[in-house]
Amino acid sequence: MRSTWLKKWLGGVAAGALALLATATAAHAQTSTGTVRGTITGDGGVPMPNVQIGARNVETGVQRGTMSGDNGTYVLPGIAPGTYDMTVRRIGHTPQTRRVVVQIGATQIQNFTVSSQPTQLATVAVVATAPVPETRTSEVATNVTPQQIEKLPTTSRNFLDLAALAPGVTVSPDRLGFQGRNFSAGGQSASAVNVFIDGSSLKNDLTGGGVAGQDASRGNPFPQSAIREYRVISQNFKAEYQKSSSAIITATTKSGGNEWHGNALVGYQHAGLVELDELQKRAKKANPASFRRPDYTRTLTAFSVGGPIVVDKSHVFLSYEGNNQSRVNRVNFNPPTGFTALDTVNLRQYNGYFGSPFRQNLWFGKVDYAFGEGSNVEVSVNNRHETDVRDFGGGNNTALLGAVNYRQNVSIAQAKYNYARGALLNEAKVDFSYFQRNPIPNQPGIVRRKYQIGPDAIIGSYNSNQDFKQRRIGLRNDVTYTGFTFSGDHVFKGGASIDFVNYDVFKANNFTPEFSYGDSINCNPDCAVRQGYAFGTPYQLVYSTGNPRLKADNTQIGAYVQDDWTPMERLTFNIGVRWDVETNMLNSGYRTPQNVADTLRRYNSQFPVPLDLDRYISTGKNRKPFYGAFQPRLGFSYALDRDNRTTVFGGWGLYYDRIQFDLYAIDPVQKLGRPNYTIRFAPRGVAPRPGQVAWNDAYLTADTTTLNSLVRTTGQPEAWLIDNEMKVPRSTQSNFGVRQMLGTFAVTATYANVHGMDQTGLGWATIELNPNGSCCRSFNIGAHGFSNFIYSTNDKETWYKALQLQIDRPYTRRDSRSIGWGSGLAFTYATREVKGADGLGDEFDFPNSRSIPRHPANDEKYRLVANFVTDMPWFWGIQTSGLLTLGGKYRQDIGCPARFCGIGTTGNQYQRGGFEVPGVFPYRTLDLRLRKDFPTFGAYNVRYGVTLDVFNAFNRTNWSNYNTGNRTDRDFGAPRDMASDARRYQLGAEVNF
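Residues numbered from 1 in each chain as written. Predicted model: local features only at pLDDT ≥ 70, side-chain atom pairs only at ≥ 80, totals over all residues. Heavy atoms only, no water.

Caption draft 1: Here's a closer look at the overall build of the chain. Looking only at helices and strands, one finds 10 helices and 51 strands in the chain. Computed over its C-alpha atoms, the radius of gyration of the chain comes to 31 Å, within 12% of the 30 Å expected for a compact globule of 993 residues. Residue burial in the chain is summarised as follows: out of 993 residues, 59% are buried. The contacts in the chain between residues at least 6 apart in sequence include a share of 74% that link residues at least 24 apart. Carbon and sulfur atoms provide 55% of the accessible area of the chain, an area that totals close to 40,000 Å². The centroid of the 104 positive side-chain charges in the chain is displaced by 2 Å from the centroid of its 82 negative side-chain charges. (Helix = DSSP H or I, 4+ residues; strand = E, 2+ residues; numbered from the N terminus. Rg over C-alpha atoms; globule rule 2.2 N^0.38 Å. Buried < 20%, exposed > 50% of the residue type's maximum accessible area, 1.4 Å probe, protein only. Contact = heavy atoms within 4.5 Å. Areas by Shrake-Rupley, 256 points an atom, 1.4 Å probe, with all protein chains shown as cover. Lys, Arg positive; Asp, Glu negative; His and termini not counted. Charge placed at Lys NZ, Arg CZ, Asp CG, Glu CD.)

As structure tokens, then:
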């Protein structure tokens with residue numbers, strides 16, 4: 001009956017959404033467009049009604065128009081970012097034309113004064129095409145311009161890297177030996193962000209990391225050559241944005257123009273262009289004969305072309321980027337002597353240097369067609385495909401046999417239709433997206449053996465096989481109306497979206513049976529377990545069996561209304577509310593297995609952490625969608641002068657994110673439906689003790705036929721208990737600031753406050769701290785058939801308070817003979833605190849969240865990011881650009897936390913006990929780019945250029961992983977790892993036409 005009702009309800013919603021879309025005739029949503037507004041006055045400053053305002057895109061010829069109202073004001077919303085010739089006309093008055101630059105997400109104020117002396121319209125005189133910094137917004141936002149994307153040095157052409165230009169935003173650095181490229185803000189984890197490209201969300205519903213494909217990848221989410229510009233909004237974003245409690249990035253892609261243009265480039269880096277870091281220098285000094293410089297090459301390629309199909313009507317744009325990286329990992333097993341079994345295996349035969357290739361291909365294509373003024377359609381497709389053979393050698397202690405091939409695919413196809421008529425703008429979009437995360441064994445079918453010889457030596461296939469697929473069909477419609485005036489001007493905007501999402505997950509962890517071998521020498525803490533084995537017989541098998549697949553459908557619905565109300569010329573209020581709901585965020589049809597429910601009812605009162613069983617036992621009917629995600633958002637801006645050179649602004653809002661489907665919907669099913677078993681074996685020829693199985697050589701196989709019968713009779717599964725009333729993570733954001741124009745510089749000072757609440761975590765119901773705060777008292781649930789009872793909570797909180805200073809001067813160059821330059825600076829002084837977790841991003845909180853008090857975490861006090869771009873024609877025509885990052889000191893825990901060792905334990909301190917990473921700015925990097933363009937030649941105006949990038953130009957040693965184990969340690973406070981690579985050079989060449 002519930003299913004029938006749900007289908008009817010969803011059908012009604014879908015029908016309503018389709019009906020709304022059927023009436024739609026729209027352009028880009030504000031998530032990928034800008035706005036131009038202003039006032040038309042005549043002689044003596046009298047407001048001029050019925051003035052015709054037109055805006056023509058210089059590149060594409062597409063036009064938009066409107067009329068000024070009775071009070072002389074006008075609004076042109078939904079303008080695609082670009083350069084426009086704006087013209088105002090009224091019969092009997094002098095026409096005017098002005099060239100302006102519209103930026104994504106920004107509101108451009110353009111006031112005109114028309115003369116009553118009629119003259120003929122003269123030829124357009126282009127004074128400047130640099131964007132005018134936005135002052136009249138309540139958002140805390142940073143626009144990353146086309147010039148910055150094109151000219152600033154970025155190590156791997158990942159456009160997200162430049163999000164660091166926004167104060168309060170941290171971007172994970174590109175490292176030679178690391179995976180995972182994401183960003184975070186507001187004291188929250190990377191999972192709390194969202195990225196929109198042309199209005200389509202790249203949110204990862206299934207796993208962590210926030211942006212699909214970025215949590216465990218060396219690659220890029222989108223071809224940089226296809227990104228025109230983007231906007232980073234770290235505070236007070238409007239109601240039209242969804243599924244983020246932290247920060248968002250909204251980007252717009254390039255389009256073809258009325259002239260054919262193209263670009264091709266290549267960037268190259270190899271081991272000889274990478275200097276040794278401090279740890280590598282130490283290794284070379286210690287073993288000069290055997291030291292080998294790590295092999296490495298990377299080739300970045302890009303090609304794009306765009307032009308007209310029909311001039312002023314239809315255009316096409318195509319882009320491709322490749323990211324090919326080749327590394328060599330060293331496998332170096334050093335088995336102990338005196339063990340015949342190890343000699344038989346001959347672990348040293350697996351030693352050597354082996355290739356670890358990464359390959360990524362990114363494609364993008366877009367076609368647009370203008371039906372007339374204010375009416376156009378746009379269709380685009382993009383695809384990302386990558387493979388990465390990795391996770392062997394080095395610190396993984398794994399042979400090449402155990403490598404994983406980490407495959408990812410991300411595809412988005414979308415169609416958008418615009419219609420603007422008078423005061424009405426309607427924007428409609430339909431999209432289809434496909435995200436796949438597919439790590440599999442690179443060499444499957446080989447039994448996995450782990451020899452615990454100190455650092456483990458692992459041979460055999462990778463032990464996991466996963467295939468996460470997320471498919472989404474999204475419908476969205478936004479309506480903007482600018483013709484209502486009551487106590488001032490209003491810009492009303494409202495919209496609705498409905499996404500039909502399908503999750504298809506194959507999650508076979510411990511897919512390859514893993515046999516562990518050991519001995520009783522140097523085996524603390526489990527010597528007793530390994531006694532008598534001497535590596536000849538495995539002492540245990542870890543293996544999972546059961547159904548690894550879960551499929552689910554989820555419908556995501558959102559709606560919002562907002563009003564930009566200007567009660568007087570210099571004052572604007574932004575008032576909005578958003579509502580979101582997901583029908584199946586938590587696998588609502590899940591039923592707690594009967595044996596789990598019976599065990600809970602029998603022993604719950606004896607657990608150290610008793611649970612409310614009405615909330616943690618699911619009947620398949622008592623897990624309801626959360627309908628309460630109403631999110632009011634308020635903001636204001638007030639200009640202290642008529643020219644908007646000094647503005648005060650502020651805002652407050654409530655923002656909901658979502659719950660990760662993997663841990664909270666998939667794992668509770670898999671932990672019981674595909675349990676993880678540990679089988680203990682007796683040594684060869686020895687009678688099994690209780691809990692052991694007699695060893696048989698037939699067990700040493702990757703063929704599961706024999707092993708399935710074994711594990712079905714042995715082992716204890718883990719039960720995960722998810723709160724049926726689990727809350728959706730949310731945050732409140734507030735800010736207050738002032739903006740000041742100083743010549744061509746825009747200076748912004750802001751106080752920002754973010755309080756993250758109801759954040760998710762997992763704890764142990766059968767384990768709790770002792771009364772003195774040390775670890776731990778427990779209930780032996782293993783005696784009743786289960787290894788653990790894990791339960792979900794919403795006990796985590798985060799606090800972020802910051803003073804932010806931003807200075808921007810947009811890049812401007814009058815002509816090829818003049819100096820062009822632009823610069824920017826973002827400084828943040830912040831405090832970050834967390835409660836219920838040791839840090840950010842880890843969902844597991846041992847023994848539970850309530851045992852972890854509020855304390856600083858990820859509490860870098862200072863961060864300064866500066867950038868510059870300079871063209872110097874007298875310096876051989878070389879362009880220079882740079883990106884400087886200075887990271888401030890932060891505190892770290894010392895020793896054993898009180899909840900493990902007891903309050904006041906000698907040599908240890910309670911949370912955040914006193915070690916401070918030294919230096920005002922211990923982290924420092926300066927990236928530089930030198931570019932030389934050569935004279936153009938030929939009928940096609942072909943231009944050539946060469947580039948030299950220098951990353952970490954001063955070769956700063958940035959340390960990390962400090963030893964904070966105990967104050968009595970000899971190397972207490974000493975670093976053990978690197979936070980950045982040593983100096984790297986990259987050579988490049990480029991052709992433009």
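That covers the picture; the talk isn't over yet.
Caption draft 2: Representation of the state of the cysteines. Per the stated rule, a full pass over the model turns up one disulfide. Between the sulfur atoms of Cys775 and its disulfide partner Cys776 the distance amounts to 1.6 Å. For the disulfide bridge between Cys775 and Cys776, the dihedral angle about the S-S bond is near -95 degrees, and by the sign convention the bridge is left-handed. With a relative accessible area of 25%, Cys776 lands in the partly exposed category. (Disulfide = S-S within 2.5 Å.)

Caption draft 3: Quick peek at the nonpolar core. If you look at the biggest cluster of nonpolar residues, it comprises 37 residues, and the most contacted ones within it are Phe159, Tyr230 and Ile249. Among the elements that line this core, the one with the most residues is strand S14 (residues 227–235), at three residues. Once residues within four sequence positions are removed from consideration, Phe159 is found in contact with Ile197, Pro221, Phe222, Gln224, Ile227, Tyr230, Ile249 and Ala251. Grouped together as the second largest cluster of nonpolar side chains are 30 residues, Val331, Phe535, Val693 and Leu707 included. (Core = buried A, V, L, I, M, F, W, Y, C linked by side-chain atoms within 4.5 Å.)

Caption draft 4: Spatial organisation of helix H6 (residues 594–603). What H6 keeps buried is the set Val596, Ala597, Thr599, Leu600 and Tyr603. Looking down the long axis of H6, one finds its buried residues gathered within 165 degrees of arc, a one-sided arrangement. Summarising the geometry of H6, the exposed residues directed more than 90 degrees from the buried face are Gln594, Arg601 and Arg602. (Arc of directions from axis to C-beta.)

Caption draft 5: Layout of the packing of aromatic side chains. Taken as a whole, this structure holds 34 aromatic pairs when the rule is applied. Ring plane angle 85 degrees and centroid distance 5.8 Å describe the contact between Phe607 and Phe789, whose orientation is recorded as edge-to-face. Here Phe607 is found in the loop between H6 and helix H7 (613–616), whereas its partner Phe789 is found in strand S40 (residues 788–812), with 182 residues between them in sequence. For the residue pair Phe607 and Phe789, the accessibility class agrees, reading buried in each case. Relative to Phe844, the ring of Trp720 has its centre 5.8 Å away and its plane inclined at 75 degrees; by these criteria the two rings are edge-to-face. Of this pair, Trp720 sits in strand S35 (residues 718–721) while Phe844 sits in the loop between strand S41 (820–835) and strand S42 (855–856), and the two are 124 residues apart along the sequence. Looking at Phe844, the relative accessible area reads 33%, which means it is partly exposed. Grouped by ring-pair contacts, the aromatic residues Tyr603, Phe607, Phe779, Phe786 and Phe789 constitute a single cluster. Note that Arg98 overlies the ring of Phe112, its terminal NZ or CZ placed 3.9 Å from the centroid. (Phe/Tyr/Trp six-rings, centres within 6.5 Å; stacked < 30°, edge-to-face > 60°. Lys NZ or Arg CZ within 6 Å of the ring centre and 35° of its normal.)

Caption draft 6: Region of interest: the side chain of Lys416. Along the chain, Lys416 turns up in strand S21 (residues 404–421). With a relative accessible area of 3%, Lys416 lands in the buried category.

Caption draft 7: Focus on the pattern of salt bridges. Tallied over the full model, the rule gives 58 salt bridges. Between Arg390 and Asp391 there is a salt bridge whose closest N-O contact spans 3.4 Å. Relative accessible area serves as the criterion here: at 27%, Asp391 is assigned to the partly exposed category. Where Arg891 meets Asp859, a salt bridge forms, and the shortest distance between an N and an O atom there is 3.4 Å. Placement of the pair is Arg891 in strand S45 (residues 891–892) and Asp859 in the loop between S42 and strand S43 (862–872), with a sequence separation of 32 residues. Connected through shared salt-bridge partners, Asp161, Asp174, Arg175, Arg181, Arg298, Asp981 and Arg984 make up one network. (Salt bridge = Lys/Arg side-chain N within 4 Å of Asp/Glu carboxyl O.)

Caption draft 8: Representation of unusual backbone geometry within the structure. Of note, the bond from Phe846 into Pro847 is cis; its omega dihedral lies within 30 degrees of zero at -10 degrees. Mapping Pro847 onto the fold places it in the loop between S41 and S42. For Asp312, which is not glycine, the phi torsion reads 65 degrees and is therefore positive. Residue placement: Asp312 occurs in the loop between strand S17 (296–310) and strand S18 (314–331). The residue Asn644 is not glycine, and still its phi comes out positive at about 60 degrees. Mapped onto the elements of the fold, Asn644 is located in the loop between strand S31 (629–639) and strand S32 (646–656). The exposure class of Asn644 is buried, given its relative accessible area of 10%.

Caption draft 9: Spotlight on the sheet that holds strand S28 (residues 540–544). Taken in spatial order, the six strands line up as S24-S23-S27-S28-S33-S34 in an open sheet, and their pairing is mixed. Since the sheet does not close on itself, it has two edges, and those belong to strand S24 (457–459) and strand S34 (692–693), each with one partner. Pairing of strand S33 (residues 676–681) with S34, which is carried by two bridges, proceeds in the parallel orientation. Paired with Arg680 across the two strands is Gln692, which belongs to S34. (Pairing = 2+ DSSP bridges.)

Caption draft 10: Looking closely at empty space enclosed by the protein. In the structure shown here, the tally under the stated rule is 15 cavities of 30 Å³ or more. By volume, the largest cavity amounts to about 480 Å³. Lining the largest cavity are 31 residues, and of these Pro133, Thr142, Asn143, Gln806 and Asp808 lie nearest its centre. Mapped onto the lining of the largest cavity, the elements with two or more residues apiece are strand S9 (140–144), helix H2 (146–151), strand S37 (745–764), S40, S41 and S43. Of all the elements, S40 adds the most residues to the lining of the largest cavity, at five residues. Its residues placed into classes, the lining of the largest cavity shows 12 nonpolar, 13 polar and six charged. Its boundaries defined by the atoms lining it, the second largest cavity holds a volume of some 150 Å³. Along the walls of the second largest cavity sit 15 residues, with Ser201, Gln242, Lys429, Asp431 and Asp499 positioned nearest its centre. Of all the elements in the fold, those that place two or more residues in the lining of the second largest cavity are strand S13 (200–201), strand S22 (424–441), strand S25 (465–481) and strand S26 (489–508). Broken down by element, the lining of the second largest cavity gets its largest block of residues, four residues, from S25. Of the residues in the lining of the second largest cavity, the class split is two nonpolar, seven polar and six charged. (1 Å grid on protein atoms, 1.4 Å probe; cavity = no way out; pocket = protein on both sides within 12 Å on 5 of 7 lines; lining within 4 Å. Points joined across faces, edges and corners; volume = space filled by probe spheres on them. Nonpolar A, V, L, I, M, F, W, Y, C, P; charged D, E, K, R; others polar.)

Caption draft 11: Spatial organisation of the confidence of the model for the chain. Confidence along the chain averages 88 in pLDDT terms, with 91% of residues attaining 70 or more. Of the regions scoring below 50 in pLDDT, residues 121–128 engages in eight contacts with residues more than four places distant in sequence or in other chains. Overall, residues 905–912 carries pLDDT values under 50, and its contacts beyond four positions in sequence, including any with other chains, amount to 29 contacts. (pLDDT = per-residue confidence, 0-100.)

Caption draft 12: Broad picture of the sheet that holds S13. If you walk across this open sheet you meet the five strands as S9-S14-S15-S12-S13, and the pairing is mixed. Both edges of this open sheet fall to S9 and S13, since each of them pairs with a single strand only. Two strands pair when backbone bridges link them, and strand S12 (residues 194–197) and strand S15 (residues 248–253) are joined in this way by four bridges, in the parallel orientation. Residue pairing for S15: Asn194 is matched across the bridge by Ile248.

Caption draft 13: Broad picture of the environment of Glu139. Within the element layout of this structure, Glu139 appears in the loop between strand S8 (112–113) and S9. The exposure class assigned to Glu139 is buried, which follows from its relative accessible area of 4%. With 358 residues separating them in the primary sequence, Glu139 and Ser497 have C-alpha atoms 23 Å apart. Setting aside residues up to four positions removed in sequence, Glu139 forms contacts with Gly105, Arg231, Ile233, Gln235, Asn236, Phe237, Lys238, Tyr241 and Arg739.

Caption draft 14: Up close: the pairing of S32. Within S32, 10 of the 11 residues are buried, which leaves it mostly tucked inside the rest of the structure. Across seven bridges, S31 lies against S32 in antiparallel orientation. Residue pairing for S32: Gly635 is matched across the bridge by Gly651. The hairpin formed by S31 and S32 contains six residues between the paired strands, and Asn644 there has a positive phi angle of roughly 60 degrees.

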